[in-house]
Each structure stands twice: as structure tokens, then as C-alpha cells.
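Structural features, examined
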Amino acid sequence: MKNIAVLASGEGTNLQAIMDAVDKGEITGKVVLVISDRHEARALVRARKKNIKALFIDPAGYREREDYDSALVSVLQEEDVDLVVLAGFMRLLSATMIDIFRGKIMNIHPSLLPSFPGCDGVKQAIEHGVKITGCTVHFVDEGLDTGPIIIQDSVVVLQDDTLETLQQRIHSVEHRAYIRAIDLYCRDMIEIEGRRCVIHEKQR
Ligand code: GRF
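Since this is a predicted model, take the numbers as computed values, not measurements.

Here we come to the overall build of the chain. Counting its regular elements, the chain contains six helices and nine strands. For the chain, the C-alpha radius of gyration of 16 Å lies close to 17 Å, the compact-globule estimate for 204 residues. Reported as C-alpha extents along the three principal axes, the dimensions of the chain are approximately 50 × 45 × 35 Å. The 204 residues of the chain split such that 49% are buried. Look at the contacts in the chain between residues 6 or more apart in sequence, and 62% of them connect residues 24 or more apart. Roughly 10,300 Å² of accessible area belongs to the chain as shown, and the carbon and sulfur atoms make up 49% of that amount. Mean positive and mean negative side-chain charge positions of the chain (25 and 31 charges, respectively) differ by 4 Å.

Okay, here's the thing in C-alpha cells:
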């Protein structure tokens, strides 16, 4: 059984969906740790409600990004974490962390990458006027939302969509995609070949 850590800075709806999926047996892994860089993150409250260890690691206590990431690495290693899931974690990870957990860190982004990376993926899609957007689950590399893509799912942009309505529909698609990607990882069904992820889906 793989040990999963979720890093989140905000609301934590993806975290909630992941923890619920673990409880229902839809993910063959275990969330052992939730870390946030924000004390007030709702994600920490959600984790504690499920009796999952929830840590606030304050960036103010570290001079450089690398120092913060070294602290993250220590905690993740102490808990024997196999997979690090970024769910709205609002910090860029440094090479310190990526090198140690290469191929073991996933992120979810609210657009069909490589379109609209970085902040405000949903806003960028509306402003660009695309008719279809969606979400992408990918492994994390040194770039900004550039790592190998695991799963994507699409969402139609409606003519009268606001940022909020579109964001809401993308969110529900995100939850499904993340659960699937994490479960595939936990069952060793994802192989990274350069930029491509090959999925070896077998019958359960
Ligand atoms: C999601 O939209 C995700 O794509 C982005 O951050 C948001 C996190 O939402 N990376 P939540 O905290 O899981 O509700």
C-alpha cells in the first residue's frame, strides 16, 4: 500500500475528494500526511477531521526556498511517503525537492496544458475565448506546469460562463481525474517514457 502526502494551501476540495476516495476503496493507497504553507488553510481542518496528521510548515521560518523544501523532504521521508500530491499548493518547488521525489510528485492544473500554465488557468482560458478547456494531472518537473501529462479531461466553456461557474465545473472534473491518476500510480500502472506517460491499465 503506497503512502500518500497531500500538500495544499487553500480550500482543499481535491484533498477531500482524495480522502473520500481512499475511504471508499477507489484509491489503493493511504493518505498519511497533509502539509500546508498557510495556517488558515481549510485543507488542514479537513485532514484533522479524518484523523490524518496535518502540519502547517511556516515559510516565514526559512530564509530560502531550498531550506523550506529541505524541511518538507525531511517530514515526507519520516512518514515514508511514496507519492506527493499537490492540490492547490501555492509554492513552486525547488530542485532540492524535485530531485529527491522525481516521478513521485503530481500536480493538478485547471486547464488543458500546455495551454494556460501558471496562475489563473481558468481566467486565461475565458480571456482567450477558448470553447473547450479542462484539467490536467501531471508529474512535476523543474518547469512551471511542464511535467509529463498523466490524465486530462475536458470541460466545454459556455457562452455565459463566469470565472466562478467555469471554475466550479472544472473542479468536479478535477476531482475525478485526480482520483484516477492517484489510483493508477498506487497500482504501479504509470510508466514515464521521456515526456510521455504510458498507462498500463489492467482489469481490477
Ligand atoms: C484547483 O483548481 C487546482 O487545479 C489548482 O488549485 C485548485 C485547488 O483547489 N492547482 P482545492 O483547494 O482543491 O479546492
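As a structural note, the neighbourhood of the ligand is formed by Glu11, Gly12, Thr13, Asn14, Gly88, Ile108, His109, Pro110, His171 and Glu174. In the environment of the ligand, an oxygen atom lies 3.5 Å from a nitrogen or oxygen atom belonging to the backbone of Pro110. In the complex, the protein chains occlude 84% of the 370 Å² of accessible area that the ligand would expose alone. Among the cavities detected, the one that contains the ligand is the largest pocket. Elements represented by at least two residues in the shell around the ligand include exactly α1 (13-23), β5 (105-109) and α6 (163-186).

For helix α5 (residues 121-128), the set of buried residues is Gly121, Val122 and Ala125. Projected down its long axis, α5 shows its buried positions confined to an angular sector of 100°, all on one face. Those residues of α5 hidden inside the fold are in contact with β5, β6 (132-139) and α6. A positive phi of about 85° marks Gly129, the residue just after α5.

If you walk through the whole model with that rule in mind, you get 13 salt bridges. Salt-bridge contacts for Asp23 lead to Lys50; the nearest nitrogen and oxygen are separated by 2.6 Å. In this pair, Asp23 sits in helix α1 while Lys50 sits in the loop between α2 (42-49) and β3 (53-56), placing the two residues 27 residues apart along the sequence. Overall, Asp23 belongs to the exposed group, its relative accessible area being 55%. A relative accessible area of 28% means that Lys50 is categorised as partly exposed. A salt bridge links Asp99 to Arg102, with the nearest nitrogen and oxygen atoms 2.9 Å apart. Among the charged side chains, a network of salt bridges with common partners joins Glu11, Arg42 and Arg46.

Scoring rules and cut-offs
- Residues numbered from 1 in each chain as written.
- Predicted model: local features only at pLDDT ≥ 70, side-chain atom pairs only at ≥ 80, totals over all residues.
- Heavy atoms only, no water.
- Helix = DSSP H or I, 4+ residues; strand = E, 2+ residues; numbered from the N terminus.
- Rg over C-alpha atoms; globule rule 2.2 N^0.38 Å.
- Buried < 20%, exposed > 50% of the residue type's maximum accessible area, 1.4 Å probe, protein only.
- Contact = heavy atoms within 4.5 Å.
- Areas by Shrake-Rupley, 256 points an atom, 1.4 Å probe, with all protein chains shown as cover.
- Lys, Arg positive; Asp, Glu negative; His and termini not counted.
- Charge placed at Lys NZ, Arg CZ, Asp CG, Glu CD.
- Near = heavy atom within 4 Å.
- Polar contact = N/O pair within 3.5 Å; in protein donor to acceptor, adjacent residues only side chain to side chain.
- 1 Å grid on protein atoms, 1.4 Å probe; cavity = no way out; pocket = protein on both sides within 12 Å on 5 of 7 lines; lining within 4 Å.
- Sits in = over half its atoms within 2 Å of the grid points.
- Arc of directions from axis to C-beta.
- Salt bridge = Lys/Arg side-chain N within 4 Å of Asp/Glu carboxyl O.

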